[in-house]
Amino acid sequence: MALERLFVMKCGGSTLAALPDSFFEDLRELQRSGVQPVIVHGGGPAISGNLEKLGIESSFVNGLRVTTEEVLDVVEMTLAGSINKAIVRRIQSSGGRALGLSGVDGNLIVARPVANHLEVGLVGEVVQVQAEIVTGILGMGYIPVIAPVGVDAEGQRYNINADTAAGAVASYIESPRMIVVTDVPGIMRTVEGEKVVLPSVTVAQIEELIASGEIYGGMIPKVRAAMDCIQGQVSEVIIVDGSEPCVLSRVLQGEALGTRIVR
């Protein structure tokens, strides 16, 4: 497989729902031209909505959802069910070819409890990704659409942060780049009272921005996962706004959009 034509795209469920049809048409054209996208998606707001409808309490610790078995049922139903299939349908209705699965299928994402599992419950970190499943699906001409639910050898499921899962998938399939599609134009910092997008940042600069409070809230796990996945073959992570016209093909052609995170 030609590595330079391979990329992992991470997208939140709410961001994906809001993306214009033109985004999926761009994805279809990339696929037809021989580019091989792999999608890993989240779905936090939809999970929260379903938990609320079912009257199940839910809280967060440092950006990670505290996950009980009861919460995990809803996480899996939402991520591997409704959101995963909605993305597959959108790709297919634009003329692309996609196949949806979760990290449980074929033990695709093998996980273990995170270090602070006593605080957050059944939240997992990735131990291994069965890369041959992903490359096999690509080889059949489909875009793999992966829901970040992991599993261990005993069959215990884990809720995995989508950014973390995407970084792990990118590392294991040796994708040279990961594109994080969000609803923001990139990593911002305040310059003379104005928010400006940083075109390129290093891992060390990100640590400084987190320490100074310029990067805060939900952006911290995004950039941390981006930094984590800059390992092995993954040399850059690009954070872009999905509503930009033809954003994927423009980034792949080397246009300076969003923020590039490099070693």
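Residues numbered from 1 in each chain as written. Predicted model: local features only at pLDDT ≥ 70, side-chain atom pairs only at ≥ 80, totals over all residues. Heavy atoms only, no water.

S.K.: So what's going on with the packing of helix H7 (residues 162–172) against helix H9 (residues 219–229)? Which residues, and what values?
M.R.: Put simply, H7 and H9 touch, their axes get as near as 8 Å, and they point 15° apart. Judged on the interaxial angle alone, H9 and H7 are roughly parallel. Crossing geometry of H7 relative to H9 is assigned as right-handed. Counted together, Asp163, Thr164, Gly167 and Ser171 of H7 and Pro221, Lys222, Ala225 and Cys229 of H9 form the full contact between these two elements. When its residues are assigned to classes, the contact of H7 with H9 shows three nonpolar, three polar and two charged. (Axes fitted to C-alpha atoms, helices over the stretch in contact; angles between N-to-C directions. Helix = DSSP H or I, 4+ residues; strand = E, 2+ residues; numbered from the N terminus. Parallel < 35°, antiparallel > 145°, perpendicular 65-115°, else oblique. Left-handed = near helix turned anticlockwise from the far one by under 90°. Contact = heavy atoms within 4.5 Å. Nonpolar A, V, L, I, M, F, W, Y, C, P; charged D, E, K, R; others polar.)

S.K.: Can you lay out the pattern of salt bridges for me, pointing to particular residues and giving the numbers?
M.R.: With the rule as written, the count across this model stands at twelve salt bridges. As a salt-bridge pair, Arg157 and Glu76 come within 2.7 Å of each other at their nearest N and O atoms. On the criterion of sequence distance, the pair formed by Arg157 in strand S10 (residues 157–159) and Glu76 in helix H4 (residues 69–93) is long-range, its members being 81 residues apart. Judged by relative accessible area, Glu76 falls into the partly exposed class, the value being 23%. For Glu125, the salt bridge goes to Arg112, with nearest N and O atoms at 2.6 Å. Residue Glu125 is found in strand S7 (residues 124–129), and its partner Arg112 is found in strand S6 (residues 109–113); the two are separated by 13 residues along the sequence. (Salt bridge = Lys/Arg side-chain N within 4 Å of Asp/Glu carboxyl O. Buried < 20%, exposed > 50% of the residue type's maximum accessible area, 1.4 Å probe, protein only.)

S.K.: Now, about the sheet that holds strand S16 (residues 259–262): what can you tell me, with residues and values included?
M.R.: Taking strand neighbours across the sheet as the criterion, the eight strands line up as S5-S8-S2-S1-S11-S15-S16-S14 in an open arrangement whose pairing is mixed. Unpaired on one side and paired on the other, strand S5 (98–102) and strand S14 (200–202) mark the two borders of the sheet. Along the sheet, successive strands turn relative to each other by an average axial angle of 20°, direction set aside. Relative to strand S8 (residues 143–147), S5 is paired through five bridges, and the arrangement is parallel. The residue bridging Ser102 from the neighbouring strand is Ala147, located in S8. Its contacts with the sheet put H9 on strand S1 (6–11), strand S11 (177–182), strand S15 (236–241) and S16, and the angle it makes with S15 is roughly 150°. (Pairing = 2+ DSSP bridges.)

S.K.: I'd like to hear about the packing of aromatic side chains, residue by residue, with values.
M.R.: Tallied over the entire structure, the rule returns one aromatic pair. Here Phe23 and Phe24 contribute two aromatic rings whose centre-to-centre distance is 5.5 Å and whose plane-to-plane angle is 75°, an arrangement assigned as edge-to-face. Assigned by exposure class, Phe23 and Phe24 land together as buried. One residue, Arg97, lies across the ring of Tyr142, its end atom 4.2 Å from the ring centre. (Phe/Tyr/Trp six-rings, centres within 6.5 Å; stacked < 30°, edge-to-face > 60°. Lys NZ or Arg CZ within 6 Å of the ring centre and 35° of its normal.)

S.K.: Lay out the state of the cysteines with the relevant residues and their values.
M.R.: Taken as a whole and judged by the stated rule, the model has zero disulfides. Just so you know, Cys246 is unpaired, no disulfide at all, and the nearest cysteine sulfur is the one on Cys11, 16 Å from it. Accessibility expressed as a relative area gives 42% for Cys246, which makes it partly exposed. (Disulfide = S-S within 2.5 Å.)

S.K.: Before we move on, can you summarise the packing of helix H3 (residues 44–53) against H4 with the specific residues and values?
M.R.: The N-to-C vectors of H3 and H4 enclose an angle of 125°; their axes lie 9 Å apart at closest approach. In this view, H3 runs oblique relative to H4, as classed from their interaxial angle. In the crossing of H3 with H4, the sense of the turn from one axis to the other is right-handed. The residues of H4 that touch H3, namely those facing Ala46, Ile47, Asn50 and Leu51, are Val71, Val74, Val75, Met77, Thr78, Leu79 and Ile83. Class assignment of the residues belonging to the contact of H3 with H4 gives a composition of nine nonpolar, two polar and no charged.

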